Amino acid sequence: MKIISVVGARPNFMKIAPFIKAIKDHNLQASETIDHILVHTGQHYDDRMSTAFFEALEIPPADINLEIGSGSHAEQVGNTMIAFEKVLLEEMPEWVVVVGDVNATLACSVAAKKLHIKVCHIEAGLRSGDIKMPEEVNRLVTDRLSDLLLTPDRISIENLKQEGTSPERISFVGNIMIDTLETHRERAAAYSINEIIENNQLEGFKREVGNEDYAVVTLHRPSNVDEKEILIPIVNFLLEEVTTEMPILWPVHPRTRKNLEDFGLWEKISEHPEMIMLHPLGYHEMLRLNMEAKIMITDSGGLQEECTILGTPCLTLRWNTERPITLKEHGGASVLVGNHIQKIREEYLKTLTSEKKVVVPELWDGKTAQRCLDAILNFQSE
Ligand code: UD1
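Values in this document were obtained by computation on a predicted structure and should not be read as measured data. (Residues numbered from 1 in each chain as written. Predicted model: local features only at pLDDT ≥ 70, side-chain atom pairs only at ≥ 80, totals over all residues. Heavy atoms only, no water.)

**Quick word on the overall build of the protein chain**
Reasoning step 1: Along the protein chain, the regular secondary structure elements total 16 helices and 13 strands.
Reasoning step 2: Seen through its principal axes, the protein chain has C-alpha atoms that stretch 60 × 40 × 40 Å.
Reasoning step 3: Counting across all 382 residues of the protein chain, residues that qualify as buried make up 59%.
Reasoning step 4: Restricting to contacts in the protein chain with at least 6 residues of sequence separation, those with at least 24 account for 70%.
Reasoning step 5: For the protein chain, the exposed area adds up to about 16200 Å²; of that, 49% sits on carbon and sulfur atoms.
Reasoning step 6: In the protein chain, 39 side chains carry a positive charge and 59 a negative one; their mean positions are 3 Å apart. (Helix = DSSP H or I, 4+ residues; strand = E, 2+ residues; numbered from the N terminus. Buried < 20%, exposed > 50% of the residue type's maximum accessible area, 1.4 Å probe, protein only. Contact = heavy atoms within 4.5 Å. Areas by Shrake-Rupley, 256 points an atom, 1.4 Å probe, with all protein chains shown as cover. Lys, Arg positive; Asp, Glu negative; His and termini not counted. Charge placed at Lys NZ, Arg CZ, Asp CG, Glu CD.)

Written as structure tokens, this is what we have:
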């Protein structure tokens, strides 16, 4: 059997690493081996956004890099489809495996289906209900086209059924990103927080963290960082209300860095002694910071999940989430606070007195990748 799996952007790497490991393990034992080709669309291309993750997570170098890079959504998706179609025509795999909800996920599933190649979507069925979110468009289209939909939780199964997906195409496998977390937890724990700061601090920032509490901030969603009117109050809240309690460690996404500079906020942040601005971090470094953080302030989907497993109170700067299982009402660690400062403040104050509470949702057990591969191997076409 020939499988092409696809990655494009940073959150994909943690999801593909265990799947590739499962194929490798299969090939060591099985009589019929799997011919696996890894395609990187090149949506994320910086060393810190891409190469560093391949190395840290021991992902073999991509067999093919489409080198798509930045661009508008249509450019990214269109260019990926054109380049990926050529790969498909050359290789004609039985399966294309896509993960998550980035532009590569959408582009490659469409290109594959147009050539009648079976598509498997790992992390299927997540829905935020917010069609303005680019990832929601990617999720809807990918799931509509996929032959095999592998879900991280039972809520996602219901979402798919409500949309009319036939149950035979759906399999509940658990959360594959947690496989990566469990594999790397021990290694991450060995990192020193201050070494992480020292090695990743942006020029001009000098501050260590003692035995004190700290907050971690990550923001990259266009809805939070692209408009001045939204980003400025968030930054002011961090500077004026969070830093009075504890230092903030903020690994800055390239999109956010650019906007902070364009909106004239960078200098103000850089001069603040409690703001520890960092490059985008590697996998182990980020996991380590999360393990000890007093609070996570983020708009990332993956971090909401990791906070649930690690028990870190998480303020999610979004109005909705495609991962409701991570919310407090479902037992998780995250609270939706949108970008309304009063709401953010209220929930922030509550977390100051809350303790870490670890929750492990069903099948988030570190064995999801094997279930994904089994589902593909056992798949019966209708
Ligand atoms: C993408 C994903 C999002 C995911 C996020 C994680 C889509 C629609 N969005 O958003 O789901 O949560 O990645 O990071 O696929 N840039 C660099 N270096 C890089 C990559 C990007 O400088 O290695 C710059 C680009 O030039 C661009 C900006 O960052 O200006 C945004 O990159 P882009 O890939 O368009 O989307 P993300 O916001 O990263």
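**Let's talk about the confidence of the model for the protein chain**
Reasoning step 1: In this model, the protein chain carries a mean pLDDT of 96, and residues with pLDDT of at least 70 account for 99%.
Reasoning step 2: Confidence estimates for the predicted assembly give a pTM of 0.96 and an ipTM of 0.94. (pLDDT = per-residue confidence, 0-100.)

**Points about the pattern of salt bridges**
Reasoning step 1: Counted under the stated rule, the structure contains 25 salt bridges.
Reasoning step 2: The salt bridge partner of Glu-135 is Arg-221, with a shortest N-O separation of 3.1 Å. Here Arg-221 lies in the loop between strand E8 (215-218) and helix H9 (222-225) and Glu-135 lies in helix H5 (residues 134-145), a separation of 86 residues in the sequence.
Reasoning step 3: Taking the relative accessible area as the measure of exposure, Glu-135 reaches 16% and is therefore buried. (Salt bridge = Lys/Arg side-chain N within 4 Å of Asp/Glu carboxyl O.)

**Let's talk about the sheet that holds strand E6 (residues 148-151)**
Reasoning step 1: Across the sheet, 7 strands lie side by side as E3-E2-E1-E4-E5-E6-E7; this open sheet has parallel pairing. Two strands in the sheet have a free side with no partner beyond their single neighbour: strand E3 (64-65) and strand E7 (170-172).
Reasoning step 2: Sheet topology places E6 next to E7; 3 bridges connect them, and they run parallel. Pairing of Leu-150 across the sheet is with Ser-171, part of E7.
Reasoning step 3: Strand contacts of helix H16 (residues 368-377): strand E1 (2-7), strand E4 (95-99), strand E5 (118-122), E6 and E7, with the helix running at about 160° to E6, the strand carrying the most contacts. (Pairing = 2+ DSSP bridges. Axes fitted to C-alpha atoms, helices over the stretch in contact; angles between N-to-C directions.)

**Some remarks on the pairing of strand E9 (residues 248-251)**
If a strand is regular, its side chains alternate between the two faces of the sheet.
Reasoning step 1: Burial of E9 is two-sided: the residues Ile-248 and Trp-250 facing one way and the residues Leu-249 and Pro-251 facing the other way are all buried.
Reasoning step 2: Pairing geometry for E8 and E9, over 2 bridges, is parallel. Paired with Ala-215 across the bridge in E9 is Ile-248.
Reasoning step 3: With 4 bridges connecting them, E9 and strand E10 (residues 275-278) associate as parallel partners. Looking across to E10, one finds that Pro-251 is bridged to Leu-278.

**Focus: the environment of Glu-305**
Reasoning step 1: By secondary structure assignment, the location of Glu-305 is in helix H14 (residues 301-310).
Reasoning step 2: For Glu-305, a relative accessible area of 1% corresponds to the buried category.
Reasoning step 3: As a C-alpha pair, Glu-305 and Ile-341 span 36 residues in sequence and 23 Å in three-dimensional space.
Reasoning step 4: Separated by 3.0 Å, the side chains of Glu-305 and Arg-323 make a polar contact. (Polar contact = N/O pair within 3.5 Å; in protein donor to acceptor, adjacent residues only side chain to side chain.)

**Digging into helix H4 (residues 103-114)**
Reasoning step 1: Across its 12 residues, H4 extends 17 Å between first and last C-alpha, which sits within 8% of the 16 Å expected from 1.5 Å per residue.
Reasoning step 2: In this structure, the buried residues of H4 make contact with E1, helix H3 (73-91), E4, E5 and H5.
Reasoning step 3: With its phi angle positive at about 65°, His-116 sits one or two positions after the end of H4. (Expected span 1.5 Å × (residues − 1).)

**Comments concerning the nonpolar core**
Reasoning step 1: Core analysis: the largest hydrophobic core is formed by 42 residues, its most contacted members being Phe-19, Ile-59 and Ile-122.
Reasoning step 2: At 8 residues, helix H1 (residues 10-29) tops the list of elements feeding residues into this core.
Reasoning step 3: Contact partners of Phe-19, with chain neighbours within four places excluded, come to Ser-5, Val-97, Ile-122, Ile-176, Ala-369, Cys-372, Leu-373 and Ile-376.
Reasoning step 4: Among the nonpolar cores identified, the runner-up in size contains 33 residues, and Leu-202, Val-252, Ile-295 and Leu-315 belong to it. (Core = buried A, V, L, I, M, F, W, Y, C linked by side-chain atoms within 4.5 Å.)

**Focus: the packing of H4 against H5**
Reasoning step 1: The contact between H4 and H5 brings their axes to 9 Å, and the two run at 30°. Between H4 and H5, the interaxial angle falls into the category roughly parallel. Judged by the twist between their axes, the crossing of H4 over H5 is left-handed. Judged by residue contacts, Asn-103, Thr-105, Leu-106, Ser-109, Val-110 and Lys-113 of H4 engage Asn-138, Val-141, Thr-142 and Leu-145 from H5.
Reasoning step 2: The residue inventory of the contact of H4 with H5, partitioned by class, reads 4 nonpolar, 5 polar and 1 charged. (Parallel < 35°, antiparallel > 145°, perpendicular 65-115°, else oblique. Left-handed = near helix turned anticlockwise from the far one by under 90°. Nonpolar A, V, L, I, M, F, W, Y, C, P; charged D, E, K, R; others polar.)

**A closer look at the sheet that holds strand E11 (residues 295-298)**
Reasoning step 1: Within the open sheet, the 6 strands sit side by side as E10-E9-E8-E11-E12-E13. Their pairing is parallel. Each end of this open sheet is capped by a strand with a single partner; those strands are E10 and strand E13 (334-336). Pairs of neighbouring strands in the sheet enclose a mean axial angle of 20°, with direction left out of account.
Reasoning step 2: Packing of helix H10 (residues 228-242) onto the sheet brings it into contact with E8, E9, E10 and E11, and relative to E9 it is tilted by some 155°.

**Notes on the site of the ligand**
Reasoning step 1: Looking at the ligand, there are 19 residues lining it, with His-44, Ser-70, Asn-103, Glu-135 and His-220 nearest.
Reasoning step 2: A distance of 2.9 Å separates an oxygen atom of the ligand from a polar backbone atom of Asp-46.
Reasoning step 3: One of the backbone nitrogen or oxygen atoms of Asn-103 is found 2.8 Å away from an oxygen atom of the ligand.
Reasoning step 4: For the ligand, the protein covers 85% of the area, taking 750 Å² as the surface of the free molecule.
Reasoning step 5: Looking at the shell around the ligand, the elements with two or more residues in it are H1, H3, H5 and helix H11 (254-262).
Reasoning step 6: A breakdown of the residues in the shell around the ligand according to their chemical character gives 5 nonpolar, 9 polar and 5 charged. (Near = heavy atom within 4 Å.)

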